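Each chain, written out:
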Amino acid sequence: MDYDSVADELYALRPEEFTAARASAMATARTAGDRELAERIRALRRPSLAAWVSNLLVRSSPGEVEPLLRLGEGLRQAHQDLDGAQLRELSRRQHALIRALSLQARQLAKEAGHPIGESVQREVENTLHAVLADPEAARAWAGGRLTRPLSAAVGFPVVAEGAPPRRPASAPARPGRKGSEQQRRRLDRAREDAEAAERELRELRVEAETAGRAAAEAKRQVDSAQQRVEELAGELERARSDHQQARFAERGARERARTADRRAREAGRKAAAAAAHLERLTSSDV
């Protein structure tokens, strides 16, 4: 039992399961005599719903983590020296990717039993914006142990149509040809990462739609089977009732047969006695 494995297990749980599981892990650590570990576990905070959804995205879609982190690195490096058209293109890709990831996170939350509303989804999107803009936020998100949604300490400025890119006041002079070549390579890499992330998201959407259709068909089959079970249960109940009535009828018929047999025997005895009496009377008259 170690801290990282315990923390990973706790932050993989649904929010309502966190507190009880943390208490259990603390008790286990104390029983093992590791009070320091127990105290570190006690310090772990239960995640908010938006933080849990953000962690769920990291854990359920690990393939999305690295492309987004690389895109953030490329954007942070390339943003200082790109022209307006390039910035607008990357900004468009950035917002499309974040929106797609937030929708994916919303679907994952629904499948995990925690549908979220627009306000929580906006917090998830703000977290993803922070991941792109802030390397510290990126590292925290990738760890999958957020307790609260993130907000970017710094952001990417919006570039208006036809406007030149803004630079920090302390930015160095425009680099020479070698620097421009490096920036172009960074831009190309950022574009490739964004395109790869978008392709993967499209594939995941197709998979999600396919899985959704399969789930709907499975539900239809379950409903049909449940209906058949209910019909068979009704038939079984009717058969049991008929069987019970038949048993009652059988017992009644047997009782009537026994009664008739007893009466027939009595009648036979009476008939024999009468015949014997008649024979005696006839004999005495002779």
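Each chain has its residues counted from 1, following the order in which its sequence is written. Thresholds applied to this predicted model are a pLDDT of at least 70 for local features of residues and 80 or more for the giving and counting of side-chain atom pairs; totals over whole chains, interfaces and linings are not thresholded and use all residues. Side-chain metrics in this entry use all non-hydrogen atoms of the structure; hydrogen atoms and water are not considered.

1. Quick word on the overall build of the protein
Here comes step 1: When you go through the protein residue by residue, the secondary structure sums to 9 helices and 0 strands.
Here comes step 2: Runs of E in the DSSP output that reach at least two residues are strands. Runs of H or I that reach at least four are helices, and both are numbered from the N terminus. Secondary structure elements of the protein occur, N-terminal to C-terminal, as α-α-α-α-α-α-α-α-α.
Here comes step 3: For the protein, the residues scored as buried account for 30% of the 286 residues in total.
Here comes step 4: Contacts between residues were defined by any pair of non-hydrogen atoms, one from each residue, lying within 4.5 Å. Residue pairs in contact within the protein that sit at least 24 positions apart in sequence constitute 75% of those at least 6 positions apart.
Here comes step 5: Carbon and sulfur atoms make up 52% of the accessible area of the protein, which totals about 18,100 Å². Think of it in three bands: residues with accessible area under 20% of the maximum for their type are buried, residues over 50% are exposed, and the middle band is partly exposed, with areas taken using a 1.4 Å probe on protein chains only. Exposure was quantified through the Shrake-Rupley algorithm and a 1.4 Å probe, taking into account, for residues, occlusion by the shown protein chains and nothing else.

2. Observations regarding the confidence of the model for the protein
Here comes step 1: The pLDDT score gives, residue by residue, the confidence of the prediction method on a 0 to 100 scale. For the protein, per-residue confidence averages 79 on the pLDDT scale, and 72% of positions sit at 70 or higher.
Here comes step 2: Contacts from residues 157-176, a stretch scored under 50 in pLDDT, to residues over four places away or in other chains number 22 contacts.

3. Here's the deal with the nonpolar core
Here comes step 1: Residues Val-53, Leu-57, Leu-68, Leu-128 and Trp-141 are the most contacted members of the largest nonpolar core, which totals 30 residues.
Here comes step 2: Looking at this core, the elements that each hand over two or more residues are α4 (49-60), α5 (65-78), α6 (84-111), α7 (118-133) and α8 (135-142).
Here comes step 3: Once you skip the residues sitting within four places of it in the chain, Leu-68 turns out to touch Leu-97, Leu-101, Leu-128, Val-131, Leu-132 and Trp-141.
Here comes step 4: Counting residues in hydrophobic clusters, the runner-up holds 13 residues, among them Ala-7, Leu-10, Ala-29 and Ile-41. By nonpolar core we mean a set of buried residues, namely Ala, Val, Leu, Ile, Met, Phe, Trp, Tyr and Cys, connected to one another through side-chain atoms within 4.5 Å.

4. Quick word on the pattern of salt bridges
Here comes step 1: By definition, a salt bridge exists where a carboxyl oxygen of Asp or Glu is found within 4 Å of a side-chain nitrogen of Lys or Arg. Taken as a whole, this structure holds 15 salt bridges when the rule is applied.
Here comes step 2: Taking the shortest distance from any N to any O, the salt bridge between Arg-59 and Asp-8 comes out at 3.9 Å. Of this pair, Arg-59 sits in helix α4 while Asp-8 sits in helix α1 (residues 3-11); the two residues are 51 residues apart in sequence, bridging distant segments of the chain.
Here comes step 3: By relative accessible area, Asp-8 is classed as partly exposed at 31%.
Here comes step 4: A salt bridge links Arg-106 to Glu-118; the shortest N-O distance between them is 2.9 Å. Linking Arg-106 in helix α6 with Glu-118 in helix α7, this pair joins segments that are 12 residues apart in sequence.
Here comes step 5: Look at Glu-118 and you get partly exposed, because its relative accessible area is 41%.
Here comes step 6: If you follow the salt bridges from partner to partner, you end up with Asp-4, Asp-8, Arg-59 and Arg-145 in one network.

5. Brief notes about the packing of aromatic side chains
Here comes step 1: Note on aromatic pairs: the rings of Phe, Tyr and Trp (six-membered ring only in Trp) are paired at centre separations within 6.5 Å, and the planes decide the class, stacked below 30 degrees, edge-to-face beyond 60, tilted for the rest. Tallied over the full model, the rule gives 1 aromatic pair.
Here comes step 2: Geometrically, the ring pair formed by Tyr-11 and Phe-18 is tilted, given 5.2 Å between the ring centres and 50° between the ring planes.
Here comes step 3: Criterion for a charge above a ring: Lys NZ or Arg CZ within 6 Å of the ring centre, and within 35 degrees of the ring normal. The cationic tip of Arg-40 hangs over the ring face of Tyr-3; the distance from NZ or CZ to the ring centre is 3.8 Å.

6. What about the side chain of Glu-125?
Here comes step 1: Within the secondary structure layout, Glu-125 lies in helix α7.
Here comes step 2: Counting of polar contacts relies on pairs of N or O atoms within 3.5 Å, with two restrictions inside protein: one atom must be capable of donating a hydrogen and the other of accepting it, and residues adjacent in sequence are counted only when both atoms are side-chain atoms. There is a polar contact of 2.9 Å between the side chain of Glu-125 and the side chain of Ser-102.

7. With respect to the packing of α1 against helix α2 (residues 15-31)
Here comes step 1: It is at 9 Å that the axes of α1 and α2 come closest, and there the two elements cross at 160°. The angle between the axes of α1 and α2 places the two elements in the roughly antiparallel class. With respect to the hand of their crossing, α1 and α2 are arranged in right-handed fashion. Along its contact with α1, which presents Val-6, Leu-10 and Tyr-11, the element α2 presents Phe-18, Ala-21, Arg-22 and Ala-25.
Here comes step 2: Three categories are distinguished: nonpolar for Ala, Val, Leu, Ile, Met, Phe, Trp, Tyr, Cys and Pro, charged for Asp, Glu, Lys and Arg, and polar for the others, with Gly belonging to the last. Residue composition of the contact of α1 with α2, by class: 6 nonpolar, no polar and 1 charged. Note on geometry: axes are C-alpha line fits, over the in-contact stretch for helices, and angles between N-to-C directions span 0 to 180 degrees. Each angle receives one of four descriptions, namely roughly parallel if under 35 degrees, roughly antiparallel if over 145, roughly perpendicular if within 65 to 115, and oblique otherwise. Put simply, a crossing is left-handed when the front helix is turned counterclockwise from the back one by less than a right angle, and right-handed when it is turned clockwise.

8. Let's talk about the packing of α2 against helix α3 (residues 35-42)
Here comes step 1: Close contact between α2 and α3 brings their axes to 7 Å; oriented N to C, the two are set at 170°. As judged from the angle between their axes, α2 and α3 are roughly antiparallel. Where α2 approaches α3, its residues Arg-22, Ala-25, Met-26, Ala-29 and Arg-30 are matched on the opposing element by Leu-37, Ala-38, Glu-39, Ile-41 and Arg-42.
Here comes step 2: Split by residue class, the contact of α2 with α3 holds 6 nonpolar, no polar and 4 charged.

9. Remarks on α2
Here comes step 1: Every helix has an expected span of 1.5 Å times one less than the residues it contains. Look at α2: 25 Å from first C-alpha to last across 17 residues, which is about the 24 Å you get at 1.5 Å a residue.
Here comes step 2: Taken as a whole, α2 has its buried residues at Pro-15, Phe-18, Arg-22, Ala-25, Met-26 and Ala-29.
Here comes step 3: Where α2 is buried, its residues meet α1, α3 and α4.
Here comes step 4: In the segment just after α2, Gly-33 is the residue with positive phi, at about 85°.

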